[in-house]
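So you can see what is in the structure, the chains are spelled out below.
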Amino acid sequence: MPHLRSSDELGLAHAQGRVTAFDRAWQLAVERHRADGSSASFLGPDSVVWDRFARQSRLADTARLCYEAMEADDPETAAWVRAYVDGVNAGLAAGAARDERFARTGLTPSPWEPWVPLAIWIATHILFAGFPTKLWRERVARALGDDALTLFATDGPRIAGSNGWMVPGDRTTTGAAIIAGDPHRFIEDPGVYQQIRLSCPDYDVLGLAVPGVPGLAHFGHTGSAAWAITNAMSDYQDLYVERLRRGEDEGGAVVVEALGPDGVWEAVARHTETITVAGGDDVEVEVLETSRGPVIVHADGDPGAEPGTGADADAETGAAPADGSTQTLSLRYPPRVRRDLGFAALPALLRARTVADIDRALDGWAEPVNVVHAADTEGGLLHRVAGAVPLRHPANRLRPVPAWDPEHAWRGWAPTPAEPVQGFAVMANARGIASPLGVEFAPPHRADRIRELLSGSADWSPKAMADVHRDTYLASAEPLLALLPGFEELTPAARELRTRLLAWDRRMEAESTDATVFAAFRTATVRRFAADPVFADLAGAPAGPAVFHPWLYLLPKIGYALEGLLTTPLVPELDRAAHVRAALEETAAAGSPDTPWSEVHRLTPWQAVPDPDAPEWPGLGGDHDCVNATSSVPGFTDLTARASAARYVWDLARREDSLWAVPLGADGVTGTAHHRDQLSLWARCELVPVVTDWARLTKESI
């Protein structure tokens, strides 16, 4: 793990960029090209889907605009970011020489510009608020009626979540607060978080950095203060149905106009870009932007459009526009509107000495919107939301809204809630402090379970927190299992399976065979629900850009919403008991092999270029509603791609007693000594001590 020292702050930022490029040049190259929509140039045709979205949503251009505004309004932060970029550029060549993936793909790393860290940040988080869910709700409403708009919005997991908890000093062995938790993201190789320490005369901070971005945005410990975040599950991005018409100017150039909220046709910015594709033909992309934002679903040129968002239907009536225009969808998101990502908070967090310092730093935060825990050695505690959420009509949060209706315009920014810490504070994406800002939240099970575990002791130590991290109790199994006692006239095999499931301890332990059997029963139930005629109009393959398809498939939607679907009155024609009974019989007939859960629940991280010689990835305990949140897709696969992207325990009594772990290791180069040296520890939910004594470190030059 890199521990960096410099005589000044800018030199330290340069060192962070340089060592990150040396350790993770391939990762930085992939993220940089994904941010500016050019990853297909070396990854091939499969990356065109993302590149098209990156260009049409104007991710890199937004980063440029934000950096230009930073240079004008906050030159000190701009210089700090620029120093990091200079460090990246100084280390890229040496880092690339260590990694054979550059030669394998023919990629030569190109120099970074100062806005690239901002682009990486935007690209990493553009889908965090889950705006494609609005496309799904629109599809549900058209299939089942407006009353069913929130049928699948039953507080189910989305693209990312996290656990976090804070135990005040009156409940710890040392008398000082402990902050602990784990961010849940798609696991990638290399890992999405980098353990690092940054030290200069002004501060000495350790924490988890996002490779390609300076500082420690999400998780850090300055010695006297510490902070951590989870996704607030807020809704802060809107989709507008745009009515567009095309024509030509006097010179024959294409002119596009959009119907604005005042009933006047407005000019639409238009240009074309070309995506270079390794092993394929170049792809031309039309980039349009209205006064609301970039057009991300086109009526023409994209592979299809969702019903109600294309050329054939009005946003409110479903009728074709009478004026001959076509309809598209634009995306409005805060950084593009505000020209600000809140990056001034990053160096301010490094300088923080108290909770008050952290609180002030986060007042300017923008995206993503987070719930924050912070504590200091003086006994200060903080539990707040940080980020930019627009004030607008409630319908904006639920579905695409008509751009020509002025009531759907943004009207300022919502206040960010804060709460006093009483007892202990828990943040696990459930309804709570951020409720006024969102629509869908995670089920309460992880948050409730963490509170239950923390309530079991008033004598917490950093090492004891590992027991909370590894907990595998699955409370969401109860509604499904609760139906079993009412079934009569079952086959002998089904009766035996029912007895086994009802006796199960509800723990998704790695070695549990009962957990495997329950997962098979759940899969059968989900598939039978998905095949019910009531959902027939939702069962087809999604239309529209493929980048949104993960939000638009029926089977995973039912898998995640199963708990609510078992009890909701919204679809009375759905014979739940019949489906569950049939699933029980089906599972029993297939037999119940004594297979440990970890044999089928294996890690499958994302790799830009898969390594055919990589060792087998480990099997895991846990499940998507466990504190040990290793998410599969119920009904589709028991494999897991989303889990804890890091685990941390910040001790405010003695920073050197803090603990952490990441899924892989510090080095992003395949086959090196520190590429996967934490993997087995992470799979067992074990944590390793942080090191703060410089005398214990080995100095290396790069």
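Everything below is about the structure printed above this text.
Only a predicted model underlies this, so the values are computations on that prediction, with no experimental measurement involved. (Residues numbered from 1 in each chain as written. Predicted model: local features only at pLDDT ≥ 70, side-chain atom pairs only at ≥ 80, totals over all residues. Heavy atoms only, no water.)

*Asks:* What am I meant to see in the overall build of the protein here?
*Replies:* Each helix and strand in the protein was counted, giving 20 helices and 23 strands. The C-alpha radius of gyration of the protein comes to 25 Å, within 12% of the 27 Å expected for a compact globule of 702 residues. Dimensions of the protein along its principal axes, counting C-alpha atoms only, are 80 × 70 × 50 Å. Per-residue burial over the protein gives 60% buried out of 702 residues. Nonlocal contacts in the protein, meaning residues at least 24 apart in sequence, comprise 71% of its contacts between residues at least 6 apart. Within the structure as shown, the protein displays about 25400 Å² of accessible surface, and the carbon and sulfur contribution to it stands at 50%. (Helix = DSSP H or I, 4+ residues; strand = E, 2+ residues; numbered from the N terminus. Rg over C-alpha atoms; globule rule 2.2 N^0.38 Å. Buried < 20%, exposed > 50% of the residue type's maximum accessible area, 1.4 Å probe, protein only. Contact = heavy atoms within 4.5 Å. Areas by Shrake-Rupley, 256 points an atom, 1.4 Å probe, with all protein chains shown as cover.)

*Asks:* Sorry, what's going on with the sheet that holds strand S6 (residues 219-221) here?
*Replies:* Sheet strands associate in pairs through backbone hydrogen bonding, adopting either a parallel or an antiparallel arrangement. Taking strand neighbours across the sheet as the criterion, the seven strands line up as S1-S4-S5-S6-S7-S15-S16 in an open arrangement whose pairing is mixed. Only two strands of the sheet have a single partner each, and these edge strands are strand S1 (3-5) and strand S16 (381-386). Averaged over all neighbouring strand pairs, the angle between strand axes comes to 20°, with direction disregarded. As defined by bridge partners, strand S4 (residues 194-200) adjoins strand S5 (residues 203-209) across seven bridges and the pair is classed as antiparallel. Counted as the bridge partner of Arg197 is Leu206 from S5. Sitting on the sheet, helix H11 (residues 355-362) is in contact with strand S7 (225-231), strand S15 (370-376) and S16, with an inclination near 5° to S16. (Pairing = 2+ DSSP bridges. Axes fitted to C-alpha atoms, helices over the stretch in contact; angles between N-to-C directions.)

*Asks:* Would you explain unusual backbone geometry in this entry?
*Replies:* A negative phi angle is the norm for most residues apart from glycine, just as the trans form is the norm for most peptide bonds. A cis amide bond links Asp189 to the next residue, Pro190, at an omega of 5°. Topologically, Pro190 is positioned in the loop between strand S3 (178-186) and S4. A cis geometry characterises the amide bond from Glu367 onward to Pro368, with omega recorded as 0°. Among the structural elements, Pro368 can be located in the loop between H11 and S15. The backbone of Met233 sits at a positive phi, close to 60°, despite the residue not being glycine. Following the sequence through the fold, Met233 ends up in the loop between S7 and strand S8 (238-248).

*Asks:* Would you mind showing me how to read the pattern of salt bridges here?
*Replies:* Once their charged atoms are close, side chains differing in charge can pair, the charge on each being opposite to the other. In total, this model carries 43 salt bridges according to the counting rule given. Between Asp363 and Arg384 there is a salt bridge, with the nearest N and O atoms lying 2.8 Å from each other. Within this pair, whereas Asp363 is found in the loop between H11 and S15, its partner Arg384 is found in strand S16, the two being separated by 21 residues in sequence. Judged by relative accessible area, which is 57%, Asp363 ranks as exposed. On the basis of relative accessible area, Arg384 is assigned to the buried category, the value being 5%. Each of Arg58, Asp61, Glu289 and Arg336 takes part in one network of salt bridges that share partners. (Salt bridge = Lys/Arg side-chain N within 4 Å of Asp/Glu carboxyl O.)

*Asks:* Would you explain the packing of helix H15 (residues 492-503) against helix H18 (residues 576-589) in this entry?
*Replies:* Helix packing geometry: the angle between the two helix axes and the distance between the axes. Running from amino to carboxyl end, H15 crosses H18 at an angle of 100°, the nearest separation of the two axes being 8 Å. With respect to H18, the element H15 is oriented roughly perpendicular. Note on element contacts: H18 touches H15 through Leu584, Glu585, Thr587 and Ala588, opposite Ala493, Ala494, Leu497, Arg498 and Leu501. Looking at side-chain class alone, the contact of H15 with H18 contains six nonpolar, one polar and two charged residues. (Parallel < 35°, antiparallel > 145°, perpendicular 65-115°, else oblique. Nonpolar A, V, L, I, M, F, W, Y, C, P; charged D, E, K, R; others polar.)

*Asks:* Explanation requested: the packing of aromatic side chains in the structure shown.
*Replies:* The description of an aromatic ring pair uses the distance of the two centres, along with the angle that the planes make with each other. Applying the stated criterion across every chain, the model contains 16 aromatic pairs. Taken together, a centroid distance of 5.7 Å and an interplanar angle of 70° make the contact between Phe131 and Phe548 edge-to-face. One end of the pair, Phe131, is in the loop between helix H7 (116-125) and helix H8 (132-144); the other, Phe548, is in the loop between helix H16 (513-530) and helix H17 (554-565), and 417 residues separate them in sequence. The two residues Phe131 and Phe548 agree in class, both being buried. Their ring planes at 40° and their centres at 4.8 Å tell us that Phe219 and Tyr648 sit as a pair that is tilted. Of this pair, Phe219 sits in strand S6 while Tyr648 is found in strand S21 (residues 647-651), placing the two residues 429 residues apart along the sequence. By relative accessible area, Phe219 is classed as buried at 0%. (Phe/Tyr/Trp six-rings, centres within 6.5 Å; stacked < 30°, edge-to-face > 60°.)

*Asks:* It is not clear to me how the state of the cysteines should be interpreted in this structure. Could you clarify?
*Replies:* The term disulfide refers to a covalent linkage connecting the sulfur atoms of a pair of cysteines. Overall, the coordinates contain zero disulfides when judged by the stated rule. Here Cys685 is not disulfide-linked; the sulfur of Cys626 is the nearest cysteine sulfur, at 10 Å. Taking the relative accessible area as the measure of exposure, Cys685 reaches 2% and is therefore buried. (Disulfide = S-S within 2.5 Å.)

*Asks:* I keep staring at H7 and nothing clicks. Help me out?
*Replies:* Every α-helical turn comprises 3.6 residues, leaving residues that sit three or four positions apart pointing alike. By the criterion of burial, H7 is predominantly enclosed, with nine of the ten residues buried. Summarising the contacts, the buried residues of H7 are in contact with helix H1 (9-35), helix H3 (48-56), helix H4 (59-73), helix H5 (75-97) and S3.

*Asks:* I tried to follow the packing of H15 against H16 on my own but got confused; where do I start?
*Replies:* It is at 10 Å that the axes of H15 and H16 come closest, and there the two elements cross at 120°. When the interaxial angle is binned, H15 and H16 end up oblique. As for how H15 packs across H16, the hand of that crossing is left-handed. Of H16, the residues touching H15 (which contributes Leu497, Arg500 and Leu501) are Thr513, Asp514, Val517, Phe518 and Phe521. (Left-handed = near helix turned anticlockwise from the far one by under 90°.)

*Asks:* Help me understand the pairing of S16 in this model?
*Replies:* Side chains on a regular strand alternate between the two faces of the sheet. Burial runs high along S16: five of the six residues are buried. Sheet topology note: the S15/S16 ladder contains six bridges and is antiparallel. Across the sheet, residue Val371 finds its bridge partner in S16, namely Val385.

*Asks:* Honestly, the environment of Arg392 in this entry has me stumped. Any pointers?
*Replies:* One can find Arg392 in the loop between S16 and strand S17 (401-402). Note: C-alpha distance between Arg392 and Gly280 (112 residues apart in sequence) is 43 Å. Leaving out residues up to four positions away in the same chain, Arg392 has contacts with Lys134, Asp235, Tyr236, Gln237, Asp238, Arg397, Ala409 and Trp410. For Arg392, the side chain forms a polar contact with the side chain of Asp235, separated by 2.4 Å. Separated by 3.3 Å, the side chain of Arg392 and the backbone oxygen of Pro390 make a polar contact. (Polar contact = N/O pair within 3.5 Å; in protein donor to acceptor, adjacent residues only side chain to side chain.)

*Asks:* Whenever I open this one, the side chain of Lys134 confuses me. Can you help?
*Replies:* For Lys134, the position within the fold is in helix H8. Assessed through its relative accessible area of 0%, Lys134 is described here as buried. Here the side chain of Lys134 touches Gln237 through a polar contact of 2.5 Å, landing on its backbone oxygen. Apart from residues lying up to four places away in sequence, Lys134 is in contact with Asp235, Gln237, Asp238, Leu239, Arg392, Asn396, Arg397, Leu398, Arg399 and Pro400.

*Asks:* Even after reading the chapter, I still don't get the nonpolar core, so can you show me in this structure?
*Replies:* Taken as a class, soluble globular proteins show a tendency for nonpolar side chains to be buried jointly. In terms of nonpolar packing, the biggest core is built from 179 residues, with Phe152, Phe518 and Phe521 touching the most fellow members. Element by element, the count of residues in this core is highest for H1, at ten residues. The residues touching Phe521, leaving out its near neighbours within four places in the chain, are Leu480, Leu481, Leu484, Leu501, Val580, Ala583, Leu584 and Thr587. In this structure, Ala428, Ala447, Leu659 and Leu687 belong to the second largest nonpolar core, which totals 20 residues. (Core = buried A, V, L, I, M, F, W, Y, C linked by side-chain atoms within 4.5 Å.)

*Asks:* Could you clarify how one ought to interpret the environment of Glu68 in this entry?
*Replies:* Relative to the elements of secondary structure, Glu68 occurs in helix H4. Judged by its relative accessible area of 48%, Glu68 is partly exposed. Along the sequence, Glu68 and Leu349 sit 281 residues apart, while their C-alpha atoms lie 22 Å from each other.

Nothing here speaks to function; it is geometry throughout.
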